[in-house]
Amino acid sequence: MSAAPLHSRGLAALASGLAQREFSSVELTRHLLGRLEAAQPQLNAMVSITGEAALAAAARADGAIASGRAGPLTGVPIVHKDIFCTEGVRTTCGSRMLDNFVSPYDATVVANLKAAGTVMLGKANMDEFAMGSSNETSWFGPVKNPWNTAMVPGGSSGGSAAVVAARLAPAATATDTGGSIRQPAALTGITGLKPTYGRVSRYGMIAFASSLDQAGVLAASAEDCALLLGAMAGFDPRDSTSVDQPVPDYAAALATPAKGLRIGLVKEFFDQGLDAENERQLRAAFAVYEKLGATLVDVSLPNVGLSVPTYYVVAPAECSSNLARFDGVRFGHRCDQPRDLLDLYKRSRGEGFGAEVKRRIMTGTYVLSAGYYDAYYLKAQRVRQLISADFVRAFEHVDVLAGPTSPTPAFPLGAKTSDPITMYLNDIYTIGANLAGVPALSIPCGFVHDLPVGLQLVGPHFSEAKLLAAAHAFQQETDWHARVPAVWQ
Amino acid sequence: MSLNRSDIENIAHLARLSLREDEVAGYVETLGNILAMVGQLDRAETGGIEPMAHPLAGLTQRLRVDEATENDRHALYQQNAPQVESGLYVVPKVIE
């Protein structure tokens, strides 16, 4: 038996240990539940820990393994971001609005991973309705960064990222509308992939901005991300934007070498906003790729500098429309003793939503209102077209684009909460991929002041296999992804 | 683009959001700043550019055969409702 403690092993290693009956799923699940509970006071990474259901699912998984009915992920424990509906389990989306909401059905992502045999340990904390870049907008309080609990873990998938970084679970689901998978992955030193828009079903994933939202994965390594993505991706007739394309064998594609890979370094991403120490780590990572036989090419995305303003029209507009469903009538928070129907709507929403969510609903309402629609919304959609075309053009010359994930490493809790625009600029390098709908991932590539730094790779539509292989090649040469904060080892 | 208190109150009304007195001033400032930041879009030359509503070009809305595929589960769904009576959602009186 290997000496490595169970929590330090990745998804792939755990799956093979389970298959070989080295340990049981119940044993593994109990171990990780203990770690999740113990970490909760320090990290606040979870909204719900569903121990009883997890142990029951683990026992079923052990039965399946014993009778030879196991799949590649049978008995592997994971955590779901609390944005995914889970049947019979409280689903809050980080909001007071849904504090008492028990979902009557499973999101397709949850159903797919259940069918693959995974065991859900609980639901991860997140920025309210996925609106935030630091996990400080959650109704359930901020998540802390496992590398330094005075720092934010990034957001909006901060709970999912902290769980994986502290090795409380081998992997977690997450969502990315403007960087919510990649930025927390970078700030906590793990691997995170946002797939192509339409690759993973959005059914049962509580909507924020429907033309941008995409579900993805967080895990220690690209290999683990490949395994999890393979199990959750695929066509879903229940999501009208789901794309009917076969899911490639991502795990099998990992072996593709980086030799000959043409990597475009995005000129605009190395501007004055990028921390100089961050940039040094990135340049060192590019040298690793050169050593592996990749070619580095300078590339320009001339309109990408307008990503943040474009996003802060499109995303709030879609959010104001999506969040209109929370009316205090059918589900969610209702105010006490409403005077009339209008008062019921207004106070239920005013009390149920937090400050940032209200800010975005109002921004969206404004840009869609009569007289402003053309100047803001239509204009932003035209600029989105220009930004998207920049990516298409770049991919005529290179296989993937590379740059930073985030301008700086993790910042202190409270440092950016008073100025929304400063917070929004955290996503300056990640938003472009959402606007263009292309896949992108972040992998750890070094440390600055004992905090992790992320490298972002972006690929053309449906190039997840290529991105994962490029990340895997890097992780075969480096061990940044294997680093764990000392207290969580 | 600057906004004043009555602009914010009007937007909040359109969005069906009650704001506390002390919230309004903050939104006057931050929404004003966001709209100023968004104003950078004016720099982009977008003449003749099609607005992009969906990130995957060429996809069309799928249709399916018009037949019932779901069961009636209203009792289950209403377990999440703040107030129901005889299978109906209860709201304050709308018609006097």
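Up top is the structure these notes are about.
It should be emphasised that the depicted structure is a prediction, and the values quoted were computed from it without experimental measurement.

1. Looking at the packing of helix α12 (residues 355–368) of chain A against helix α2 (residues 21–38) of chain B
Phase 1: Across the interface, α12 of chain A lies against α2 of chain B with an axial gap of 11 Å and an inter-helix angle of 55°. It follows that α12 of chain A is oblique to α2 of chain B by the angle criterion. Here the hand of the crossing between α12 of chain A and α2 of chain B comes out right-handed. In this structure, α12 of chain A uses Arg359, Met362 and Thr363 of chain A to contact α2 of chain B, whose residues at the interface are Tyr27, Thr30, Leu31 and Ile34 of chain B.
Phase 2: Its residues placed into classes, the contact of α12 of chain A with α2 of chain B shows four nonpolar, two polar and one charged.

2. A word on helix α3 (residues 51–66) of chain A
Residues and elements named next belong to chain A.
Phase 1: Compared with an ideal rise of 1.5 Å per residue, which puts 16 residues at 22 Å, α3 spans 22 Å between its outermost C-alpha atoms and is within 8% of the ideal.
Phase 2: Turning to α3, its buried residues are Ala54, Ala57, Ala58, Ala61, Asp62 and Ile65. Projected onto a plane normal to the axis of α3, the buried residues spread over an arc of 150° and lie on a single side. Residues of α3 that are exposed and angled more than 90 degrees away from the buried face: Glu52 and Ala66.
Phase 3: Residues of α3 that are buried sit in contact with α1 (11–19), α2 (25–43), β2 (77–81) and β3 (119–124).

3. What about unusual backbone geometry?
Phase 1: Between Gly155 of chain A and Ser156 of chain A the backbone carries a cis peptide bond, its omega angle lying at 10°.
Phase 2: Of note, Ser156 of chain A is situated in the loop between β3 and α5 (158–165).
Phase 3: Of note in this structure, Phe129 of chain A is not a glycine but carries a positive phi near 50°.
Phase 4: Along the chain, Phe129 of chain A turns up in the loop between β3 and α5.
Phase 5: Backbone geometry places Ser86 of chain B, a non-glycine residue, at a positive phi of 50°.
Phase 6: Looking at the secondary structure, you find Ser86 of chain B in the loop between β1 (84–85) and β2 (88–89).

Rules used in this analysis
Residues numbered from 1 in each chain as written. Chains lettered and ligands numbered in written order. Predicted model: local features only at pLDDT ≥ 70, side-chain atom pairs only at ≥ 80, totals over all residues. Axes fitted to C-alpha atoms, helices over the stretch in contact; angles between N-to-C directions. Helix = DSSP H or I, 4+ residues; strand = E, 2+ residues; numbered from the N terminus. Parallel < 35°, antiparallel > 145°, perpendicular 65-115°, else oblique. Left-handed = near helix turned anticlockwise from the far one by under 90°. Contact = placed C-beta atoms within 7 Å. Nonpolar A, V, L, I, M, F, W, Y, C, P; charged D, E, K, R; others polar. Expected span 1.5 Å × (residues − 1). Buried ≥ 20, exposed ≤ 12 C-beta atoms within 10 Å, placed from the backbone. Arc of directions from axis to C-beta.

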